[in-house]
Structure formats: structure tokens, C-alpha cells
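# Fold and contact review
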Amino acid sequence: MTVAEAVVAGLRGPELGRRLASLLGPEKVLWRPEDLQLYEYDGAVDTATPDAVVLPNGTADVASLARFCSEHHVPIVPRGAGTGLSGGAIPVFGGVVVSFARMNRIFEIDAANLRAVAQPGVINLHLSTAAAPYGLHFVPDPSSQKACTLGGNVAENSGGPHTLAYGVTTDHVTGLEVVLSDGTIVRLGGKALEDEGYDLVGAFVGCEGTLGMVTEMTLKLTPLPEDKRTIMAAFPDMDQASEAVSAIIGAGIVPAAIELMDQLATEAVEAAVGAGYPLDAGGILLAEVDGVREGLDDQRERIETICREHGATTVRVATTALDRERLWAGRKGAFAAMGRLTPDYYVQDGVIPRTRLPAILRLVRDVGERYGLRIANVFHAGDGNLHPLILFDMSHGPDELRRVQEAGFEILEACVAAGGSLTGEHGVGMEKNCYMPLQFGPADLAAMERLRSAWDPAGLMNPGKLFPTPSRCAEFDLRKRRS
Amino acid sequence: MTSPALRPADAAACAVALAEAARDGRTVRVRGAGTKSYLGELVGTDSVLETTAIAGIVDHVPADLTVTVRAGTSFADLQAALRERGQFLPLDPPHADGATLGGIVAANSNGFSRLRYGGVRHLLIGTVAALVDGTVMRAGGRVVKNVAGYDLNKLLIGSLGTLGVVTETTWKVLPLPKARALTVARCATAADAFAIADALVRTPLRPSALVVDGTRRAWAAIVAAQGEPAAVGRAMDEAGRAAARGGARSDRTDDDEQVLAPLRDLPGTATDGALVRASLPLAAQASFVAAALGLEPFARCVADAGSGIVRIHLRGDDGAVLRAADTLMAGARSVGCSARVERRDDALRDRLASWGPAPGGDFLMRRIREAFDPARTLEPARSIVR
């Protein structure tokens, strides 16, 4: 059993939009070219135009549109806020983009059960804001949390700085309502921690829209920590900074977050946000410990000592909430700050075992030099999740973009060779699907295809993503590259 | 029903053995150390495949806080090896002295510490599994964060051997906690004990166990903590205060294992009557326990109150046990939760099914089963997914 190559025949063009408008109501469907332009891109670099965009009001709309698409062989591409960094929301093979922007209700903050029930279009940060009066929050905090949606977080299994100690999105989902590509509505799990049979919630989270559309989710809420200590340490170079990371974790401290940033990233952040990072440092380490008040200062002192032992020239501890927010604003605003240095950037998020950090950062530097590209690094060091930002200018034409992607590929190849992964939180999407055979053998991919076919036998859900597709990956022949 | 044992030495040999069985139309039971051989529906199979020869630690990188270990390795052996390097796998499953890691994954076998450390679902980051088509599948990897492709680890956890045979596992591990302690609060009623647990679950204390234990006559709320000494001390103080607010007397000990081990091992010791295990929203636990005691006054209850996992050991006469078990399973499903008969006396086996009503998405589970094991070679009847 294999996943069908994407459906290319079927209803397309303005006729598709008109038919959907009469099915669902004209206010829920966009199909004029000028309206579709907004949905051609997401947070990554690829683009494609949908034939129509649907903005459903609820589960019933989603089920009707899925039944229609299934009858007329139309690809379905779910979309949250379009902040994704792997092209997950791009309609490679045309069809319908389903925007969940209007399904943005929080149905319930169930403090007694430490759960929230929400629609997929709710913005990540809004859930934590709604839960705060109960002393609770939703843990996953991707840098885009002011814009990205919970549905997108579930689809991509999103992370964030604070998932080091508390787990990524999949650790915080207990129930889902999903509409399958044939229009079937299925409810999986619920407010309890587990259900009988296979863990379909766990299998679904991170499926990048290829298994179905989430229409409602039950999420874990976590008590807010009583207190925090946020530490910023400046190092002469990234080697020392990354060795300090390993030493902190090796000392038995599991901070809520440990982030690293190199000099180029610092330069951009300081210009944009003014977070107070020393500009002359080769590497900035940001660490946070949280929990009950007792023991926090002891952990903070140990982190400070380790940083100094590893050559830190400055160590600063945030003393007020404002201080802490300023330190974090620099980290969370780092991607946006790149605009100070470059018109465009290309970011990847390969993962490596933590102990390989110094070696892989040297390799990134070397790749940058060989390709003549500037690469900034700002990343989740605690879990080995790199974020090399390759700076370039799209207006220089497709050759420059290709060179950038080649450089990115070399970095990913090294991550996988070091026993790591192609992606830690951004997803495979259409950006890395051709690279999947680097990390997975034929038996592994066949097993994934079995899972896919069980949910979406027709192959209508987000085609051209996650799996290598013969049509798009033909020119990218891994075996040829290797020889 | 003595069936010949297959003891493959590695994943490849395991896959060959499975493919041969599938080709010949033979059915296979999968067995680690056999500590949980009471679980699920057990029909005779043509052969038993034992994983115990696929054993040993493959790789432990202390600085990465990860360990890769073959599935037939015993949990106790792994913990002993990790302890030598000052680390541990933060799982506390029942049968900890005998169980294999493969069995722990296949049965999603957790203890009370999942409240703090996340359990199998959170700690397992990579698996290798032999499939009935003769291939060997790798899922996840050796890094703690990984979203490349589907998370097939999740599919294997709790699959009871119905999709493939887990041959290797990779886990997140942690440094051994510096301090540990436990407080027991003696309560008059189950409601009092649950109230203490509830007060603590919504604090930032992150207890390593939050247990309610009792019978009709006596109840206890048990609070354990591990980690930084100051934080552990604070958790114990708060536990004592919560107990005092509820009018309960409390005692503190540093020997948490002495209290927790027998509670955790209830599935191992509950050989008579029936042991019903429910997974519930936190706030539903107290009323579920009250309902159970209404149905069967001799029942014992052990609730992992921070995770909503409630075990009811029904010990009355057969008729009462059967009625209570059926009612509790149907009742759990009717409020959107699940319950199973985890264990029952052999004499009740034919009259009491393991599984309650089907979970949501059961048709998807059957399709997945069909895709991985179309001939139903593996554990043909054991799981709720047939």
C-alpha cells in the first residue's frame, strides 16, 4: 500500500470556488484572483496559488467541504495563521485552502480538570491569557505565539523555548475532533489522559495536515510556576557557550529553557529590540529556571558558576519581570529582527544530540564561508534544536535562493549524520520532503505511508507534503548527490 | 496451548520469524518477561515470540541524557546501569523488577511518576520494530526533539504487540534526584483524600506522586516529591498543610518506595476478583470511586490522582464483581472516558471481557491494524483493536 501521487485531475479553477460558494454560502468562500493572493505564501519561501479559499464557521462546514472535495477530487490544504516555516500551508497541487481564522473560540477553560477546549483558529497566546486568571497556562510557546494558531501548533507539533522541561505540543493534547478527507467527523480521546486502543491523538499531532483537519481540541493546562530566574551570559565565542549548555544540563539542572544566539543574531536583535545583550560577545546564552521559589536561587548560582567556569565575560540575572521580558523579547523577536540585516532569510531547524553542538556550529560557519553567505544562529540549545538563519536577497533571483537551499541542505545532512533529525519543530512540509530519505529508510517511510492511507486513502489531505513525491523530488536524487 | 517459542537474537531475525509466520498463516504471541500476561484477551496462538534474547544497552551518552537499549533488556538492569552513571529513567511501572522495556512500551506501563516526568509517552524518543512484512521500521531517533514525519513511537505505545515487535528503544533519562520524600495523610473519607490531592495538583509543586489509596474504612492521600532538596521540603510542607486544612493527620518519611511500591504493584498482586482500571478527568475521580464502593463495598481503590488513573480492586462474590465491573466500564465510556478490566481471576475470564465499549476512532484503529498486519498474525485477539 502506498500513498497515491497527488490528485491532479478534478474540479479546479473559478468553477470550484463558485460551487463551494453555493454549497457553503458566498461569505465563506474566496475565489477571485486578488483574494487568493494572500494565501499563496506562508512563513517559508515557497509559493503556490489555491483555486479557492474556504473560511468555515464550524465543524459542519468543514465536513461539507471535505465531502465535496472528496467527490470532486480536490486537494485540501488546512491553514492556521500561515506562520509555518516549512511551506505546510502552500497548495502545491492547487485545490482548496481551508483557513481556520473564523473558528477561533475557546469553548471552555476547565480549571478543575486542567484542560481547555478550543477551536483550531485560536491564537496560541490567547489561550494562556484566558487561562492565567486560574493560575494556569498552555506550555508550548513558539516564537510566533502572538500570531500562530493552536490548530497549526497541533498540525506541526510546535515547540518553543519553554518546551525543554515541559514538553512540546504532543505532550499537551489529550483530545481532538478531526474531519477526515471523506467528511467523516471523528472524536479521539477527551479530557482524560488516555483512551483505549491506539494513541490516535499522538499519531495525529505533527501530521502537518496530511491526515485530516482538526476542528476542536482538548489541551492540557499547566499551573504557572511560582517564580523564575532568567540568566543572560555572554561568551567570547560559541564553542564556549555551547559547552556551558552541556555542562549545565550535565550538572543535573533541567532549566525551563536554554537558548543560544551568535554575534550576528545579537547584532540584529540589539538594533531592533535593544534587549541589552553585549554586542562584543561571540555567543549569548539565555537560561531560565522556574518552579517553586525554594531552590531557584541555588540553581541560578550553579548556572552562573558554570558559565563563568566556561569563560563567560558577563553574567546578568533579571531582577524584575520587566528585565526578564526584555531579555526574552530579544530571543522571541530574533527572526523578525533579521530584517535589520537582510531583505530575506531562510531558516532551518535541524536537531543534533546536544554534545555535538560545538562541532555542528563550526560546520555551519564553514558552510557559510564556502557559499559566501552570512548565517546567523539563534536556537534552542537545551534540546539541540538549531536555527541557522541564512541571510540572502530574493531579488537577486532564483540562483541565489538555490545556493541558499544548497547550503541549508549541507547543514541538515550533517545533522542527520550526527544522529539527529531534519526538523525539531518547523516540520517537513514541502521544504524538506525530498530530504526525508536522508533520515528514513524505505521500511520507515512505508510504515508512515500505511498510517497516512488509513486516514486519507484518497490522498487529498495536503498532498505534496512530508513524503517525497516523484514529480517534485525527481531532480533531487539523493543517491546521485552522495556519489 | 503450549506453543513453540521463537527467540530471535536481533531485529532482523525477528522480522524474518514474523514474515515466516505470516506466510504460513501462523499466529504469534509476543512476550517479553511475561510479567503482564494477564492483560487483554488471551486466545491460544501457534507460537510465542520471546524478545528476551534481544537484550543489552546499545548506547548511553550521559551528557546527552539519552539511552538506547534493546527491547528485551529488563527495566531493572537498565536502571542499575544508569544508576552507576548517576542517572535514571524516570518511569516507575508495575513489575519493575521483572518487566522488559519492550513490554513496558507495548503495554504503555506507567506508574505515579508520570505526573512529574511524563511517562512512556513523553520519555520514549525512538523505537525500532520488526514488522510482519519482514521489514524493520525505525521511528523517532536519538534526539529529544524531532518532528520529521509521523510520530510512529506513539502508535507502538500501548499497541500490545498488534502492529509489530518492538526490538529497540531510545529514552530521555535524567540525573538522579538529590532528595526525595513522601507524606501520608490519613483521611476519614475518599472525598477528603481526593480534596488534598486536588489542592496539590494545581500548584507549581510538581509532585512525583499524588496517590489516593483506600477501602471503605480508611483512606490516605499520599504526596511524594523528588528533586532539589529545598523544593522537596517545600512540597512536603505544603502537603502537611493541605492535610491539616482537611483535618487529616500526616506523617513524613524519606523512604518513599516502602509506601509506593505495593500501591504501584497492585496489578501484580490483585490475583483474585477483578481489577478495573479507568482513565478519567481529574474531577471525575472522587465520584467514580464513590460509585464503585456503592456497587461493591469491599472494593479497594488506588488512584493515581494527579493523572486520573483509578484502579478499583473488586473482591466480593463473583456476581457482584461482574456487575460492578460492567457498570463501571459502561459508566466511564458514557461520560467520555474509558475503563478496562486490567486483570481478573482465571475463573472469571470467560464471563468478564477485558475491554469496554469501543473508543472513538475505532474504525481508524482497525484500518491501521489492517495496514500493518493484514493476516492478524500478531496477538490476534488480545487488544481492543482486532
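Thresholds, definitions, all that
Residues numbered from 1 in each chain as written. Chains lettered and ligands numbered in written order. Predicted model: local features only at pLDDT ≥ 70, side-chain atom pairs only at ≥ 80, totals over all residues. Heavy atoms only, no water. Helix = DSSP H or I, 4+ residues; strand = E, 2+ residues; numbered from the N terminus. Buried < 20%, exposed > 50% of the residue type's maximum accessible area, 1.4 Å probe, protein only. Contact = heavy atoms within 4.5 Å. Areas by Shrake-Rupley, 256 points an atom, 1.4 Å probe, with all protein chains shown as cover. Rg over C-alpha atoms; globule rule 2.2 N^0.38 Å. Salt bridge = Lys/Arg side-chain N within 4 Å of Asp/Glu carboxyl O. Buried area = accessible area lost by both parts, 1.4 Å probe. Polar contact = N/O pair within 3.5 Å; in protein donor to acceptor, adjacent residues only side chain to side chain. Domains from an automatic or database assignment. Nonpolar A, V, L, I, M, F, W, Y, C, P; charged D, E, K, R; others polar. 1 Å grid on protein atoms, 1.4 Å probe; cavity = no way out; pocket = protein on both sides within 12 Å on 5 of 7 lines; lining within 4 Å. Points joined across faces, edges and corners; volume = space filled by probe spheres on them. Pairing = 2+ DSSP bridges. Axes fitted to C-alpha atoms, helices over the stretch in contact; angles between N-to-C directions. Core = buried A, V, L, I, M, F, W, Y, C linked by side-chain atoms within 4.5 Å. Expected span 1.5 Å × (residues − 1).

As a further point, take the overall build of chain A. Looking only at helices and strands, chain A features 18 helices and 18 strands. Dimensions of chain A, computed from C-alpha atoms along their principal axes, come out at roughly 65 × 60 × 45 Å. Of all 483 residues assigned to chain A, the portion counted as buried reaches 66%. Here the contacts in chain A between residues at least 6 apart in sequence split such that 73% fall between residues at least 24 apart. Roughly 16300 Å² of accessible area belongs to chain A as shown, and the carbon and sulfur atoms make up 51% of that amount.

Before going further, it helps to spend a moment on the overall build of chain B. Across its full length, chain B carries 13 helices and 18 strands. By the compact-globule yardstick of 21 Å for 386 residues, chain B fits well, its C-alpha radius of gyration being 21 Å. Its C-alpha atoms give chain B principal-axis dimensions of roughly 65 × 55 × 35 Å. Counting the 386 residues in chain B, one finds 60% classified as buried.

The final tally for this structure, using the stated rule, is 60 salt bridges over all chains. Measuring nitrogen to oxygen at the nearest pair gives 2.8 Å for the salt bridge that ties Glu194 of chain A to Arg277 of chain B. Linking Glu194 of chain A in the loop between strand S9 (185-189) and helix H7 (200-204) with Arg277 of chain B in strand S15 (residues 274-279), this pair reaches from one chain into another. Using a relative accessible area of 15% as the deciding quantity, one classes Glu194 of chain A as buried. The buried category is assigned to Arg277 of chain B, whose relative accessible area is 6%. Of the charged contacts, one joins Asp199 of chain A and Arg121 of chain B as a salt bridge, the two residues approaching to 2.8 Å between their closest N and O atoms.

Right, let's talk about the interface of chain B and chain A for a bit. Note on interface size: it is often stated as the accessible area lost on association of the parts. Every contact between the two is made by 72 residues of chain B and, on the other side, 87 residues of chain A. When chain B packs against chain A, the two sides together hide about 6300 Å² of surface, and 58% of this comes from carbon and sulfur. On the surface where chain B and chain A come into contact, there are 11 salt bridges. Connecting chain B to chain A are 28 residue pairs in polar contact (both at pLDDT 80 or more). For the side of chain B that touches chain A, the element with the most residues is helix H13 (residues 362-372) of chain B, which contributes 8 residues.

A few words on the domain arrangement of chain B. Residue and element names in this part refer to chain B. Considered domain by domain, chain B is made up of domain 1 (11-175) and domain 2 (179-348). Distance from the C-alpha centre of domain 1 to the C-alpha centre of domain 2: 27 Å. Taken together, the contact pairs 16 residues of domain 1 with 24 residues of domain 2. Between domain 1 and domain 2, roughly 1800 Å² of surface is buried when both sides are summed, and carbon and sulfur atoms account for 53% of that area. Of all residues in domain 1, Phe112, Leu115 and Arg116 bury the most surface against domain 2, accounting for 45% of the area lost on that side. At the junction of domain 1 and domain 2, the tally comes to 2 salt bridges. We note a salt bridge from Asp92 to Arg264, for which the minimum N-O separation is 3.5 Å. When residues in the side of domain 1 that touches domain 2 are grouped by element, the largest group, 4 residues, is from helix H4 (residues 114-117). Here the side of domain 1 that touches domain 2 is composed, by residue class, of 8 nonpolar, 4 polar and 4 charged.

Unfilled space is identified by rolling a water-sized probe across the atoms. All names here are of chain B. Applying the stated rule across the entire model yields 4 cavities of 30 Å³ or more. In this structure, the largest cavity is lined by 24 residues; those nearest its centre are Val30, Arg31, Gly32, Gly103 and Ala106. Secondary-structure elements contributing two or more residues to the lining of the largest cavity are strand S2 (28-31), helix H3 (101-106) and strand S9 (165-172). It is H3 that provides the largest number of residues to the lining of the largest cavity, a total of 3 residues.

Turning our attention to the sheet that holds strand S17 (residues 375-380) of chain A. All names here are of chain A. The strand order across the open sheet formed by 7 strands is S15-S12-S14-S13-S17-S18-S16, and the pairing between neighbours is antiparallel. Two strands lie at the open edges of the sheet, namely strand S15 (314-317) and strand S16 (344-347), each paired on one side alone. The sheet shows a mean angle of 20° between the axes of neighbouring strands, direction not considered. When strand S12 (residues 227-235) meets strand S14 (residues 283-291), the two strands line up antiparallel, connected through 9 bridges. Residue Thr230 lies in a different strand from S14, and its bridge partner there is Glu288.

This paragraph deals with the nonpolar core. For soluble globular proteins, nonpolar side chains are generally found buried alongside one another. Core analysis: the largest hydrophobic core is formed by 183 residues, its most contacted members being Leu285 and Trp455 of chain A together with Leu89, Trp171, Ile312 and Ile368 of chain B. In terms of residues, this core owes the most to one element, helix H14 (residues 398-417) of chain A, which gives 9 residues. Each of domain 1 (11-175) and domain 2 (179-348) of chain B gives at least three residues to this core. The residues touching Leu285 of chain A, leaving out its near neighbours within four places in the chain, are Ile231, Met232, Ala233, Phe235, Ala241, Ala244, Val245, Ile248, Ile258, Glu259, Leu260 and Cys307 of chain A. Val269, Leu327, Trp328 and Phe335 of chain A belong to the second largest nonpolar core, which has 27 residues in total.

This next bit is on helix H8 (residues 229-245) of chain B. Residue and element names in this part refer to chain B. Here H8 contains 17 residues, and its C-alpha end-to-end distance of 24 Å stays within 8% of the 24 Å for a straight helix at 1.5 Å per residue. Packing partners of the buried residues in H8 comprise strand S11 (179-187), helix H7 (190-201), strand S13 (219-227) and strand S14 (249-253). Following H8 by one or two positions, Gly247 has its phi on the positive side, about 75°.

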